[in-house]
Amino acid sequence: MTSQAFVLPPGQQAPALNVVGMQIRVLAANAATQSFGITLQQGEEGTGPPPHKHGWDEAFYVLKGEVNFQCDGKSSACATGTLVYVPRGTVHGFSFGHGGGLMLEIAGTGAHAAPFFTAIHDKIPAGAPDIPKLLELAQQHGVEFAI
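Below or above, wherever it landed, is the structure these notes cover. What you are looking at is a predicted structure, and each value in this text was computed from that prediction instead of being measured.

Reading guide: rules and limits
Residues numbered from 1 in each chain as written. Predicted model: local features only at pLDDT ≥ 70, side-chain atom pairs only at ≥ 80, totals over all residues. Heavy atoms only, no water. Pairing = 2+ DSSP bridges. Helix = DSSP H or I, 4+ residues; strand = E, 2+ residues; numbered from the N terminus. Buried < 20%, exposed > 50% of the residue type's maximum accessible area, 1.4 Å probe, protein only. Arc of directions from axis to C-beta. Contact = heavy atoms within 4.5 Å. Polar contact = N/O pair within 3.5 Å; in protein donor to acceptor, adjacent residues only side chain to side chain. Salt bridge = Lys/Arg side-chain N within 4 Å of Asp/Glu carboxyl O.

### Examining the pairing of strand E6 (residues 74-78)
Pairing analysis gives 5 bridges linking strand E5 (residues 58-71) to E6, with the strands arranged antiparallel. Note on E6: the bridge partner recorded for Cys71 is Lys74. Counting the residues between successive antiparallel strands, the hairpin from E5 to E6 contains 2 residues, one of them, Asp72, with a positive phi of roughly 50°.

Written out as structure tokens, the structure is:
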């Protein structure tokens, strides 16, 4: 199957998914591009995933605010305009800083990010997350939490 070129204006984008307190809009799933995936991730101060790893590369570009990244045990406060690259298998996590933030995520070939985010949105209601269900969904989508 080959991918097709597309243009996705704001009015045609899917609604944001509620993913454990973050709002994630899937702009292009890996299935649509036959290569990489792109999401727009927004969160209030303190929201973000705990340390985890998976079998695909990721890159994040901070569009607004500050995002505190942890990669391989090192912490970085990343201001607007910062690019973070995370190779597959690297333990990483992040949390949005003071005032919240917005960033673009690009998931590499073979990523299960968009289906994982969709499953969380569909199966875990807003509020305090159902941790056993979250761990089950993570395992199904190739994500391993380092907690």
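Read on for the rest.
### Topic: helix H3 (residues 131-140)
All buried positions along H3 are accounted for by Leu134, Leu137 and Ala138. Around the axis of H3, the buried residues are gathered within 105° of arc, so they sit on the same side. Within H3, the exposed residues directed more than 90 degrees away from the buried face are Pro132, Gln139 and Gln140. On its buried face, H3 sits against helix H2 (113-123) and strand E9 (143-145). Of the residues flanking the start of H3, the one acting as N-cap is Asp130, its side-chain oxygen 3.1 Å from the backbone nitrogen of Lys133. Positive phi shows up at Gly142, right after H3, with a value of about 80°.

### Digging into the pattern of salt bridges
Two side chains bearing opposite charge may form a pair once their charged atoms approach each other closely. One pass over the full model with this rule turns up 2 salt bridges. For Asp57, the salt bridge identified is with Arg88, shortest N-O distance 3.3 Å. Within this pair, whereas Asp57 is found in the loop between strand E4 (52-54) and E5, its partner Arg88 is found in the loop between strand E7 (83-86) and strand E8 (92-107), the two being separated by 31 residues in sequence. For Asp57, a relative accessible area of 21% corresponds to the partly exposed category.

### A word on the pairing of E5
For E5 and E7, the ladder comprises 4 bridges, and the chain directions are antiparallel. Counted as the bridge partner of Glu58 is Val86 from E7. Note that E5 and E8 share 12 bridges and pair antiparallel. Bridge pairing in E8 links Phe60 to Glu105.

### So, H2
The complete set of buried residues in H2 reads Ala113, Ala114, Phe116, Phe117, Ala119 and Ile120. Of the surrounding secondary structure, the elements contacted by the buried residues of H2 are strand E1 (17-19), strand E2 (22-28), strand E3 (37-43), E8, H3 and E9.

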